[in-house]
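Remarks on the overall topology
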2 protein chains.
Amino acid sequence: MMADESSEEKMNLVANKQVILHGYVKGFPKETDFGLKSSAISFSIPNGAVLLKNLYLSCDPYMRHRMSDHISHTGTIIHSFTPGSVLVGYGIGKVLKSANPEFEEGEFVWGLTGWEEYTVIHNPEIFRKIKYTDVPLSYYMGVLGIPGLTAHVGLFNLCSPKKGETVYVSTATGGVGQLVGQFAKMAGCYVVGSASTQEKVNLAKQKFGYDDAFNYKEEHDLRATLGRYFPEGIDIYFDNVGGEMLNEVLLHMKPHGRIAACGMISQYNLDEQEGIRNMFNVVIKRLEIKGYVETDYKHVYPEYLEFAIKNLEEKKLVYVEDIAEGLENGASALVGIFYGKNVGKQLVRVAAE
Amino acid sequence: MMADESSEEKMNLVANKQVILHGYVKGFPKETDFGLKSSAISFSIPNGAVLLKNLYLSCDPYMRHRMSDHISHTGTIIHSFTPGSVLVGYGIGKVLKSANPEFEEGEFVWGLTGWEEYTVIHNPEIFRKIKYTDVPLSYYMGVLGIPGLTAHVGLFNLCSPKKGETVYVSTATGGVGQLVGQFAKMAGCYVVGSASTQEKVNLAKQKFGYDDAFNYKEEHDLRATLGRYFPEGIDIYFDNVGGEMLNEVLLHMKPHGRIAACGMISQYNLDEQEGIRNMFNVVIKRLEIKGYVETDYKHVYPEYLEFAIKNLEEKKLVYVEDIAEGLENGASALVGIFYGKNVGKQLVRVAAE
């Protein structure tokens, strides 16, 4: 029996290319912090599991935290990657083999998977099945997935935009930011975005409908710049940046302004976090700063999905992606987002559908 | 006619002792930043006005901002005092003379008045009449006034305390803090306070019912201290302190924790504000930081007043005041609150009732 099982397993071993983290990262991540490893995977899967062929992987800023060897603080939801092991992140896959009655071979799903060609998913129940396939499959890592829900919840649930209010999005063309900008326009707001290149500034204005946009790298007096774009102040700030940008924005917030604290990418590669010195504005202007993570809003995803699909079909919503080809280019794509190299949502295509 | 009016006015001139600001303050205020001036006031008042005999004046942290020569940021509600002129602040007075049909001589009122013996109030409509007089009149500068409403709104309206939650009050025995502590106990919370002396720590535990309290001046590792008092973390932080305390508290907040940003007294005398470096905790723990000022909640004051009166009568609520006698001691009392010299709510008694 033992010998048989073992030989059967051997027969099922398949080569599996993986992106691994060599060791914990300090400062900005580099391509050399990661490696490609040719591993082997058994296609024999235990009861309840499915074997996934990974198609798309999402490059997300929060992954930077998983590259650090950090001690968890009370209540943190972020755990470190294991050096030498395959990266884990959100991805889209096709069910190659199913030992779970809920999943059929050939189905498309998305959820947390490995940065590799094939992954055995032991708890596929937490994956979402892909419902609409007449849109690019990759959209489930963007406008139809977590970035979309994140943008929608952050703007509407947390900041309750009202017609005529002013909205500032500091990552104007990012996977989340490009949607916040479009949603804020739908809400009748005056929307200004900032980005790191002139190309992105143009994209923001021409493609996403921002009323105005600027290249923050060319602005040397952020306070004056924000004053110029928001002479009457900011009602809503969608923050994916944190640090000095947040500090300066606080000075420009209007009374009763709202800040969705979605992420703080400017701080993720710093050993010492920048201090926010303008916090007293929170008191005198009665501001609200609300942190959130989309996992708390899973229950509104189905409703959001219908909203997004409808608006995509009616061409009222667009989505721009930046897709790197192949696991070979995965590390470079992932590292690139911390240098602002991506134009739109950064993905890695592992294999053709 | 002209001569008659003028001589009538002269006959009505009365000596009026005043506390004045000599010049704008830098750093911590000192008694010598203020002076006593003997002025004269005409008891002839225009139609619509009332003449107030000031009885109690409130010493409030926000008054520090009015001592600075600052440029208003968008939406700030704080304006500078005028050097050489009388201070303005909340006070309780008796209507000595009324040229307003809504006010009768002998009535007690509270509102923004001068730091002087007598003040002509041109818009008495914005004053509140004192309804209950079987409690100390001075309570209308504390538990029955703005500090009371501030504590109640900050805790209940902004932080929605639930039974069993942990609450931290960093100004445990202050004019507002002593009430937050008592209200949080009423809500069934576990409440810890901090203060600047052992006397106040004892007061917090013995008089206000805090479950525990500590002297932050004797704690040299605030992070460890907070970890000791809140091993499972903090659900609600009532912040009147800001700065490094807020920075450390962020590390100890539980997921979905709430922070009422009421004031930041630790920062008011600093040229450069301390930076809050732990803001990323707001994102990963989904925290809410809510700034507020009680003036936005005037409409709930009548209801709060009934609640407070009832609880005072039933001895379920206590209030500790620190009353300085006479305008001569006004500057010293006001300056003292920035050094933590007051034990309980700091007031100045200008005259006997």
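The shown structure was predicted, so the numbers you read here are calculated from the model rather than taken from an experiment. (Residues numbered from 1 in each chain as written. Chains lettered and ligands numbered in written order. Predicted model: local features only at pLDDT ≥ 70, side-chain atom pairs only at ≥ 80, totals over all residues. Heavy atoms only, no water.)

Sheet strands pair via backbone hydrogen bonds, and the direction of the pair is either parallel or antiparallel. Spatially, twelve strands are ordered E10(A)-E9(A)-E8(A)-E11(A)-E12(A)-E13(A)-E13(B)-E12(B)-E11(B)-E8(B)-E9(B)-E10(B) in an open sheet, and the strand pairing comes out mixed. Two strands bound the open sheet, and with one partner strand each, they are strand E10 (212–215) of chain A together with strand E10 (212–215) of chain B. With direction set aside, neighbouring strand axes in the sheet form an average angle of 15°. By the bridge criterion, four bridges tie strand E8 (residues 166–169) of chain A to strand E9 (residues 190–195) of chain A in an arrangement that is parallel. Residue A:Tyr168 lies in a different strand from E9(A), and its bridge partner there is A:Val192. The sheet contacts of helix H6 (residues 222–229) of chain B involve strand E8 (166–169), strand E9 (190–195) and E10 of chain B, and relative to E10(B) the element is tilted by about 165°. (Pairing = 2+ DSSP bridges. Helix = DSSP H or I, 4+ residues; strand = E, 2+ residues; numbered from the N terminus. Axes fitted to C-alpha atoms, helices over the stretch in contact; angles between N-to-C directions. Contact = heavy atoms within 4.5 Å.)

Before going further, it helps to examine the packing of aromatic side chains. All names here are of chain A. Across all of its chains, the model carries 30 aromatic pairs over all chains by this definition. Taken together, a centroid distance of 6.1 Å and an interplanar angle of 10° make the contact between Tyr168 and Phe214 stacked. Of the two residues, Tyr168 is situated in strand E8 and Phe214 in strand E10; the sequence distance between them amounts to 46 residues. Aromatic rings pair up to connect Tyr168, Phe214, Tyr229, Phe230 and Tyr237 into one cluster. For Lys341, the ring lying beneath its charged end belongs to Tyr339, and the centroid distance is 5.8 Å. (Phe/Tyr/Trp six-rings, centres within 6.5 Å; stacked < 30°, edge-to-face > 60°. Lys NZ or Arg CZ within 6 Å of the ring centre and 35° of its normal.)

Bringing the confidence of the model for chain A into the picture now. Residues and elements named next belong to chain A. Summarising the model, chain A shows a mean pLDDT of 93, and 94% of its residues fall at 70 or more. Across residues 1–5, where pLDDT falls below 50, the model places zero contacts with residues more than four positions away in sequence or in other chains. Model confidence for the complex is summarised by a pTM of 0.92, with the ipTM given as 0.91. (pLDDT = per-residue confidence, 0-100.)

It is worth spelling out the packing of helix H3 (residues 146–159) of chain B against helix H9 (residues 301–313) of chain B at this point. Residue and element names in this part refer to chain B. Look at H3 against H9: their axes get within 10 Å of each other, and the N-to-C directions meet at 100°. With respect to H9, the element H3 is oriented roughly perpendicular. Only Tyr301, Tyr304 and Phe307 of H9 make contact with H3, whose side of the interface consists of Gly148, Leu149 and His152. Looking at the contact of H3 with H9 residue by residue, the class counts come to four nonpolar, two polar and no charged. (Parallel < 35°, antiparallel > 145°, perpendicular 65-115°, else oblique. Nonpolar A, V, L, I, M, F, W, Y, C, P; charged D, E, K, R; others polar.)

As a further point, take helix H4 (residues 177–186) of chain B. Residue and element names in this part refer to chain B. Of all ten residues in H4, eight are buried; the element is thus mostly enclosed. Within the span of H4, buried status applies to Gly177, Gln178, Leu179, Val180, Gly181, Gln182, Phe183 and Ala184. Buried residues belonging to H4 abut H3, E8, E9, strand E11 (234–239), H9 and strand E15 (345–349). Downstream of H4 by one or two residues, Gly188 has phi in the positive range, about 85°. (Buried < 20%, exposed > 50% of the residue type's maximum accessible area, 1.4 Å probe, protein only.)

All names here are of chain A. Where burial is concerned, most of strand E5 (residues 108–114) is hidden: six out of the seven residues are buried. Taken together, the seven bridges between strand E4 (residues 88–98) and E5 define a ladder with antiparallel strand orientation. Following the sheet pairing, Gly89 is matched in E5 by Thr113. Across two bridges, E5 lies against strand E7 (residues 128–129) in antiparallel orientation. Residue pairing for E7: Val109 is matched across the bridge by Lys129.

Further remarks concern the packing of H4(B) against H9(B). Residue and element names in this part refer to chain B. It is the contact of H4 with H9, at a shortest axis distance of 14 Å, that shows an interaxial angle of 80°. As summarised for this structure, H4 and H9 are arranged roughly perpendicular, according to the angle between their axes. Across the interface between the two elements, Leu179, Phe183 and Met186 from H4 touch Tyr304, Phe307 and Asn311 from H9. Among the residues forming the contact of H4 with H9, the class breakdown is five nonpolar, one polar and no charged.

Another point: the environment of A:Gly148. Residue and element names in this part refer to chain A. Examined against the element boundaries, Gly148 turns out to sit in helix H3 (residues 146–159). Residue class for Gly148 comes out buried when judged on its relative accessible area of 0%. Taking C-alpha positions, Gly148 is 20 Å from Arg258, a pair spaced 110 residues apart along the chain. Ignoring sequence-local partners within four residues, the contact set of Gly148 consists of Gly142, Val143, Leu179, Phe183 and Tyr304.

We now examine the environment of B:Asp134. Inspection of the secondary structure puts B:Asp134 in the loop between strand E7 (128–129) and H3. Between the alpha carbons of B:Asp134 and B:Ser170 there is a distance of 32 Å; along the sequence they are 36 residues apart.

All names here are of chain B. Here H9 spans 18 Å end to end across 13 residues, near enough to the 18 Å set by a 1.5 Å rise per residue. Regarding H9, the residues found buried are Tyr301, Tyr304, Leu305, Ala308, Ile309, Asn311 and Leu312. Axial view of H9: buried residues confined to an arc of 170°, hence all on one face. Every exposed residue of H9 that faces more than 90 degrees away from the buried side is listed here: Glu303 and Glu313. Next to the buried residues of H9 lie strand E5 (108–114), E7, H3 and H4. (Expected span 1.5 Å × (residues − 1). Arc of directions from axis to C-beta.)

Glancing now at the relation of the copies chain B and chain A. Rotating chain B by 180° and translating it 0.0 Å along the rotation axis places it on chain A, where the RMSD comes to 0.0 Å. Taken together, the turn and the small shift mark the pair as related by a two-fold rotation axis. Minimal C-alpha distance to the rotation axis in chain B is attained by B:Gly275, lying at 1.8 Å. Of the interface residues in chain B, 100% have counterparts in chain A that sit at the interface too, so the contact is made through matching surfaces. (Least-squares fit on C-alpha atoms with pLDDT ≥ 70 in both.)

The next subject is the pattern of salt bridges. All names here are of chain B. As enumerated under the stated definition, the model contains 38 salt bridges over all chains in all. Of the charged contacts in the structure, one is a salt bridge between Glu165 and Arg258, with a shortest N-O distance of 2.6 Å. In this pair, Glu165 is assigned in the loop between H3 and E8 and Arg258 in strand E12 (residues 253–261), connecting sequence segments 93 residues apart. Of the two residues examined, Glu165 and Arg258, each falls in the buried class. (Salt bridge = Lys/Arg side-chain N within 4 Å of Asp/Glu carboxyl O.)

This part is about the interface of chain B and chain A. With 41 residues of chain B in contact, the opposing surface of chain A contributes 41 residues. Between chain B and chain A the total buried area reaches about 3300 Å² when both faces are included, carbon and sulfur atoms providing 65% of it. Summed over the shared surface of chain B and chain A, the number is four salt bridges. In this structure, A:Arg277 engages B:Glu272 in a salt bridge whose closest nitrogen and oxygen atoms are separated by 3.9 Å. Run the count over chain B and chain A and you get six residue pairs in polar contact (both at pLDDT 80 or more). Elements represented by at least two residues in the side of chain B that touches chain A include exactly helix H7 (243–252), E12, helix H8 (280–284) and strand E13 (288–291) of chain B. Partitioned by chemical class, the residues of the side of chain B that touches chain A number 20 nonpolar, twelve polar and nine charged. Pairing analysis gives three bridges linking strand E13 (residues 288–291) of chain A to E13(B), with the strands arranged antiparallel. (Buried area = accessible area lost by both parts, 1.4 Å probe. Polar contact = N/O pair within 3.5 Å; in protein donor to acceptor, adjacent residues only side chain to side chain.)

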